[in-house]
Amino acid sequence: MDSDKSELRWGVAQRLEFIEFRLFWEGRVNRSDLMEQFGLSVNQASADLNRYIGFAPDNMVYDKSARTYVRGPDYAAQFLKPDASRYLAQLRSLADGIMDSDDTWIAELPSYDAAPTPARGVNPVTLRSVVGAIRRSEAIEVKYQSLSRPEPSWRWIAPHAIGFDGFRWHTRAFCQADEVFKDFLLSRILATRGVEASDVTDAADADWQEHVTLEIGPHPELSEHQKKVIALDYGMRGGKAKIKVGSGLIEFHSQ
């Protein structure tokens, strides 16, 4: 069975994963779902459903009254690892306007709302320049607005990575003026111009290379029932959760 899966073309494998996604989250799937999502013919959609049944005959059964396949009582995922984070991330992306409803595999969106993430104003051309510099090991000249200065100024930086602190996107770079590694907010890079070769690598950035493990747990003054709820909220084991992060993400040193 595993060898048969490995021989599937990417497009076919994706459609079988889609079938499984709909079965798990929606409880049903039919030919029209495949036809609408992938632009298939009736015959091709039927062939994909039959192919899926060949791999997982117990995962769906045909409901004649509803004229659709429904999730079987012995459903066991074969192509997809059900992931609550992925499902919720799609809802969040829809709320933020990053994803269109046509781009998600969710058929019937539940009623939902989310506080939108504030737009940080990262210019796509700026991002392209920074990513290109990282890829080609280059230094770039940027016009940067620092909070320590009233006016923006031009400076040379050699970026080697991009980081996200949960709210803002940064680039980790060597500042040639101050001769230290710093974090520069992408939204504060107002323009770029010069480019030159650079021999700076992330290996020289000690703060970026260092990782620390944060350990969190319920407040000791909570009741035992409250502690259990908190532990469930954060996926704790033994009353604790460990989060490994780069030391550079704990406290950014942006100017």
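Residues numbered from 1 in each chain as written. Predicted model: local features only at pLDDT ≥ 70, side-chain atom pairs only at ≥ 80, totals over all residues. Heavy atoms only, no water.

A. Representation of the nonpolar core in the model. Core analysis: the largest hydrophobic core is formed by 25 residues, its most contacted members being L16, I19, Y52 and M60. Elements that contribute at least two residues to this core include exactly α2 (10–25), α4 (42–55) and α5 (84–96). The residues contacting L16, other than those within four sequence positions of it, are L8, D48, R51, Y52, F55 and F79. (Core = buried A, V, L, I, M, F, W, Y, C linked by side-chain atoms within 4.5 Å. Buried < 20%, exposed > 50% of the residue type's maximum accessible area, 1.4 Å probe, protein only. Helix = DSSP H or I, 4+ residues; strand = E, 2+ residues; numbered from the N terminus. Contact = heavy atoms within 4.5 Å.)

B. Fine view of the sheet that holds strand β8 (residues 189–197). In space, the 5 strands of this open sheet follow the order β7-β6-β5-β4-β8, with antiparallel pairing throughout. At either margin of the open sheet sits one strand with a lone partner, and together these are β7 (180–185) and β8. Neighbour to neighbour, the strand axes of the sheet diverge by 45° on average, direction disregarded. Across 6 bridges, the pairing between strand β6 (residues 169–175) and β7 is antiparallel. Among the inter-strand pairings, F174 is bridged to a residue of β7, identified as F181. The sheet contacts of helix α6 (residues 124–136) involve β4 (138–144), β5 (153–164), β6 and β8, and relative to β5 the element is tilted by about 75°. (Pairing = 2+ DSSP bridges. Axes fitted to C-alpha atoms, helices over the stretch in contact; angles between N-to-C directions.)

C. The arrangement of unusual backbone geometry in detail. The phi dihedral of S137 is positive, around 55°, even though this residue is not glycine. Within the element layout of this structure, S137 appears in the loop between α6 and β4. Looking at S137, the relative accessible area reads 41%, which means it is partly exposed. Backbone geometry places E179, a non-glycine residue, at a positive phi of 55°. Examined against the element boundaries, E179 turns out to sit in the loop between β6 and β7. With relative accessibility at 61%, the residue E179 sits in the exposed group.

D. Highlighting the environment of A84. Mapped onto the elements of the fold, A84 is located in helix α5. Given the relative accessible area of 46%, A84 is considered partly exposed. For the pair formed by A84 and W25, sequence separation is 59 residues and the distance between their alpha carbons is 9.8 Å.

E. Examining a nonpolar patch on the surface more closely. A contiguous nonpolar patch, built from L214, I216, Y234 and I243 and spanning about 350 Å² of accessible area, is present on the exposed surface. Residue position: I216 is located in strand β9 (residues 211–216). You can call I216 partly exposed: its relative accessible area is 31%. (Patch = residues over 30% accessible without salt bridge, like charges linked within 9 Å, V, L, I, M, F, W, Y side chains within 5 Å. Areas by Shrake-Rupley, 256 points an atom, 1.4 Å probe, with all protein chains shown as cover. Salt bridge = Lys/Arg side-chain N within 4 Å of Asp/Glu carboxyl O.)

F. Molecular detail of the packing of α2 against α4. Running from amino to carboxyl end, α2 crosses α4 at an angle of 75°, the nearest separation of the two axes being 10 Å. Here α2 is positioned roughly perpendicular relative to α4, judged by the angle of their axes. Residue-level inspection shows V12, R15, L16, I19, E20 and L23 of α2 in contact with α4, the latter providing Q44, D48, L49, R51, Y52 and F55. Tallied by class, the residues present in the contact of α2 with α4 amount to 7 nonpolar, 1 polar and 4 charged. (Parallel < 35°, antiparallel > 145°, perpendicular 65-115°, else oblique. Nonpolar A, V, L, I, M, F, W, Y, C, P; charged D, E, K, R; others polar.)

G. Spotlight on the packing of α2 against α5. For the pair α2 and α5, the least separation of the axes is 13 Å and the interaxial angle reads 90°. Compared by their axis directions, α2 and α5 come out roughly perpendicular. On α5, the residues touching E17, F21 and W25 of α2 are A84, R86, Y87 and Q90. Considering only residue class, the contact of α2 with α5 consists of 4 nonpolar, 1 polar and 2 charged.

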